[in-house]
Amino acid sequence: MNARPGRGRVVAPLLIVAASLAGLAGVLAIAGYDPVLALGALWRGSLGSFDAFASGTLVRATPLILIALGFALALRGGMLNIGAEGQFLAGAMAAAWLGVHLAGWPSLLAIPATWVVAFAAGLIWVVVPVVLRVRYGVLEVISTLLLNFVAEALVSFMVQGPLQERSGIYPQSDPIADAARLPLLPGTRLHLGIVLAILLAAALWFYFSRTLGGFRLLAVGTGPRAAAITGRIDVTRTAALALLVSGGIAGLAGAAEVGGVAYALYPNLSPGYGFTAIAVALLARLHPGAIIVTGVLFGALETGAGAMQRDAGIPAVIVYVVEAVIILALLLADARRTARSPAVAGAA
Amino acid sequence: MIPPALQLRNIHKRYGSTTALAGAALAVEWGETHALLGENGAGKSTLLRIAGGLERADGGPIEVGGGRAVIRSPRDARRLGIGMVHQHPTSIPSLTVAENIALTAGWRVQPREIRGRVLELSGALGLPIDPDSYAGRLPIALKQRLEILKALAARARILLLDEPTAVLAPLEAEELLRVLTGFAGVGNAVVIVTHKLREALSAASRVTVLRHGAVTLVGNSDTETPDSVSRAMLGGAGRPEPSATRSDARTSEPPAIRLQALDVARDGRYGIALRGAALSVLPGEIVGIAAVEGAGQRELMRAVAGLIEPLRGVLEVRQPVAFVPEDRTTEGLILPLSLAENMVLGMGEQAPGVAGALVSWKAASAATADLIARFGMTAAGPEAQAGTLSGGNQQKLVLARALARNPKVIVAENPTRGLDVAAAAEVHRRLREAAAGGTAVLFHSSDLDELLALSDRLVVASGGVLREPERRDRDLVGRMMIGAA
């Protein structure tokens, strides 16, 4: 894994994606399905029409892009945030809780309010891992991951307890107030969240490539000792802040999902966004602009999978296999490149 | 005639477009200690690594004990009786000395048994070590001793050592070289890569000198002179004379560094490293600190550089301070980042191209390209990764960056560690130049010759106490360093 954003390393990922899709077609053919029909359905269901693209692919891509941006921010500082799933749910809980109480508010206030509480909730969800890491050296990989299960359990508890809908029958919350719902692009299900995702990507791109703070974060992630001694950077604080904000961004994704798609809190709100987003960020080599592209790609794959299941009778989970193959191939390509570069120490 | 212990002939090795070795050769007889000399980038480490199985030559036969040998991996080398001792320790820090040795030698891990075998081995070789210490907690000299024991426990008869004395105090180095020549003397073979001429000529029986990947001299150490060897290393230029020490100290000005009754805690551990230290350095003065590892010099340097908060006492340092850390590869530079990025890392808000919170990488690159040219660095350009530079060029980068801020004070730890004669002379010249311009220089070196050559004034740190020797005398300073005077 490389904390360094891409520089002219775009070709390999594209090749890998193309090869993986070709591999998928091959596997389908061997398994006795019609690959042309299958891939055709995949295409129609994701990118083939404006409606599929806007109401399906882009809606699915929105949380992936947001979470991936947060993941990239943390990893740039050397922190591996595997707990976006939990932070997403924390944000969703906060947004739903506030959202149901906002009837009568103007949208202009209600929506930012849900975003703020969701950001805070996601951030708070990482406070424990940050404290454990800073004070006791507990690896954030483990603590953030474990808190995912806590978040899932908490959502289950909330929708059967404090946040359960009024009738008390269904394990879900009341629908959020209209004022807290994100505006849609007319004629589609595409909501304001995509704008938020693109603006955040632009902001992070600027931060990473044009600011001293963004560079120092990279220094902390790639050479913490030199960053502390030569760069005089407070390494612990910088990395901790990056992880906290990364959690906040995942929380924001939760708010966008509740406010733009679900309109309520219920279990299984996330079909593994927090994990797929890691793949999105890595495939984009942590570059914010590229994350939009890979986010849309994975959004298309997962949306198209539904169509493939309907039209060609192929289990939708097959696309998760494709995603996994893409990531493994990418890691392999990285490992090979590292192995091939000339030994730095060997020249002396 | 007995065939040589180790013979490499006409060895070639390329890394991409750079040629590391172009027909290099090395022949080591049984019973001999052989010194392999050369500038940084001359290919001496590469040649050693090929013999040790860490690199593969592009071409050229290797013979061990007269038989053709194929060395594809360190394991192959070990099977042929070749043991390699690296410059940086390769032991597992969380295992004990005995466990580390057992692991390398392939012994059955039975705590009591391996303990006994380690004690036996270290006693027989005259390399005492506590088998129960954790490898990670050993001082650097013992870490290295552990590396040697590991190689010997694996029944090595040909021992290859990369810069073994770079980290040692003069007396420790002599001791180690005595043990190594003793080991070679009983029918084994030792190869030492080094850049210290004196040491090579006194400890080794034969020397091979490499330059640009090819052999320029093979000779007996009793017939070669420092002059002939350095001419072979540098290609006719001869050894750059250490320029006559002429102090630029500005006695009329107040000191740039002043400490009084300063106590500093041990870096990263409990305890006091420096006790009641008093020292002042004038603008333009170069003060060298002589010390063995762990004598408090590290904490002194880092306190003056502003990296460690002292416990108590007076510490006045004129700003800005530039710091040249001991380990340029982990503390001074971030190797995967570009030269321009490393410039910005070290200079922060003062870096060219940085305005407030914003960075213009174009401007930073342009300024870095300028520095590359002015310091005569060999680098592909400001966008090249720092890790692709040779050690000497990396140190030039660190120094160029430090000097670019026009510091009032430079603090340097072992500024020429691992550098060859020419690169070291260049570093000295730059430091002297800075001093002539009114910068106060405080440096530490584990090389006594360097201290004597570069410093206007010498201070010895021993057991956390600073003392100034009465005379600039090698023996006196050496004895003071180990607390014997």
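Residues numbered from 1 in each chain as written. Chains lettered and ligands numbered in written order. Predicted model: local features only at pLDDT ≥ 70, side-chain atom pairs only at ≥ 80, totals over all residues. Heavy atoms only, no water.

Colleague: Where do I start with the interface of chain B and chain A in this structure?
Modeller: Often, the extent of an interface is quoted as the loss of accessible area on bringing the components together. Contacts between the two partners involve 37 residues from chain B, matched on the other side by 29 residues from chain A. Carbon and sulfur atoms supply 58% of the area buried between chain B and chain A, which totals about 2,500 Å² over both sides. Inspection of the chain B/chain A interface yields two salt bridges. Ionic pairing is found between A:Arg225 and B:Glu331, a salt bridge with its closest N-O pair at 2.1 Å. Taken together, chain B and chain A are joined by nine residue pairs in polar contact (both at pLDDT 80 or more). When the residues that make up the side of chain B that touches chain A are grouped by side-chain class, the tally is 16 nonpolar, 11 polar and 10 charged. (Contact = heavy atoms within 4.5 Å. Buried area = accessible area lost by both parts, 1.4 Å probe. Salt bridge = Lys/Arg side-chain N within 4 Å of Asp/Glu carboxyl O. Polar contact = N/O pair within 3.5 Å; in protein donor to acceptor, adjacent residues only side chain to side chain. Nonpolar A, V, L, I, M, F, W, Y, C, P; charged D, E, K, R; others polar.)

Colleague: Explain the packing of helix H8 (residues 193-210) of chain A against helix H9 (residues 212-222) of chain A to me, please; I cannot follow it from the model alone.
Modeller: Angle between the axes and distance between the axes: these two values describe a pair of packed helices. Residue and element names in this part refer to chain A. Put simply, H8 and H9 touch, their axes get as near as 5 Å, and they point 75° apart. Taken together, H8 and H9 sit at an angle that is classed as roughly perpendicular. For the pair formed by H8 and H9, the contact residues are Tyr207, Phe208 and Arg210 on the first element and Leu212, Gly213, Gly214, Phe215 and Leu217 on the second. Its residues placed into classes, the contact of H8 with H9 shows five nonpolar, two polar and one charged. (Axes fitted to C-alpha atoms, helices over the stretch in contact; angles between N-to-C directions. Helix = DSSP H or I, 4+ residues; strand = E, 2+ residues; numbered from the N terminus. Parallel < 35°, antiparallel > 145°, perpendicular 65-115°, else oblique.)

Colleague: Explanation requested: the sheet that holds strand E14 (residues 312-317) of chain B in the structure shown.
Modeller: Strand pairing in a sheet relies on backbone hydrogen bonds. The paired strands run either parallel or antiparallel. Residue and element names in this part refer to chain B. With respect to topology, three strands assemble into an open sheet ordered E12-E11-E14, the strand pairing being antiparallel. Looking at the sheet topology across the chains shown, the edges are occupied by strand E12 (272-281) and E14. When strand polarity is set aside, the average angle formed by the axes of neighbouring strands in this sheet is 25°. With six bridges joining them, strand E11 (residues 257-265) and E12 adopt antiparallel strand pairing. Opposite Ile257, over in E12, you have Val281 as the bridge partner. Sheet strands in contact with helix H9 (residues 297-304) are E11, E12 and E14, and its direction is about 125° off that of E11. (Pairing = 2+ DSSP bridges.)

Colleague: I would appreciate a short explanation of the domain arrangement of chain B in the present structure.
Modeller: All names here are of chain B. The assigned domain composition of chain B is domain 1 (6-234) and domain 2 (257-481). Taken over C-alpha atoms, the centre of domain 1 sits 30 Å from the centre of domain 2. With 15 residues of domain 1 at the interface, the matching set in domain 2 holds 17 residues. Buried surface at the junction of domain 1 and domain 2, both sides included, amounts to about 1,400 Å², of which 56% is carbon and sulfur. The interface formed by domain 1 and domain 2 includes zero salt bridges. (Domains from an automatic or database assignment.)

Colleague: What is the right way to read the packing of aromatic side chains from this model?
Modeller: A ring pair, where both rings are aromatic, is described by two values, the distance of the centres and the angle of the planes. Counted under the stated rule, the structure contains three aromatic pairs over all chains. Taking 5.2 Å as the distance between ring centres and 70° as the angle between the ring planes, the aromatic pair formed by A:Phe215 and B:Trp361 counts as edge-to-face. Highlighted residues: A:Phe215 in helix H9 and B:Trp361 in helix H12 (residues 361-374), drawn from two different chains. Judged by relative accessible area, A:Phe215 falls into the buried class, the value being 2%. It is A:Arg76 that lies over the ring of A:Phe208; its NZ or CZ is 4.3 Å from the centre. Geometry around A:Tyr263 places A:Arg181 over its ring, the cationic atom sitting 4.4 Å from the centre. (Phe/Tyr/Trp six-rings, centres within 6.5 Å; stacked < 30°, edge-to-face > 60°. Buried < 20%, exposed > 50% of the residue type's maximum accessible area, 1.4 Å probe, protein only. Lys NZ or Arg CZ within 6 Å of the ring centre and 35° of its normal.)

Colleague: Sorry, what's going on with empty space enclosed by the protein here?
Modeller: Residue and element names in this part refer to chain B. Inspection of every chain in the model, using the stated rule, returns five cavities of 30 Å³ or more. Considering only enclosed or pocket space, the second largest cavity measures out at about 60 Å³ in volume. Looking at the second largest cavity, the residues that line it are His86, Gln87, His88, Pro89, Ile140, Lys143, Gln144, Glu147, Glu163 and Val167. In terms of residue class, the lining of the second largest cavity is built from three nonpolar, four polar and three charged. (1 Å grid on protein atoms, 1.4 Å probe; cavity = no way out; pocket = protein on both sides within 12 Å on 5 of 7 lines; lining within 4 Å. Points joined across faces, edges and corners; volume = space filled by probe spheres on them.)

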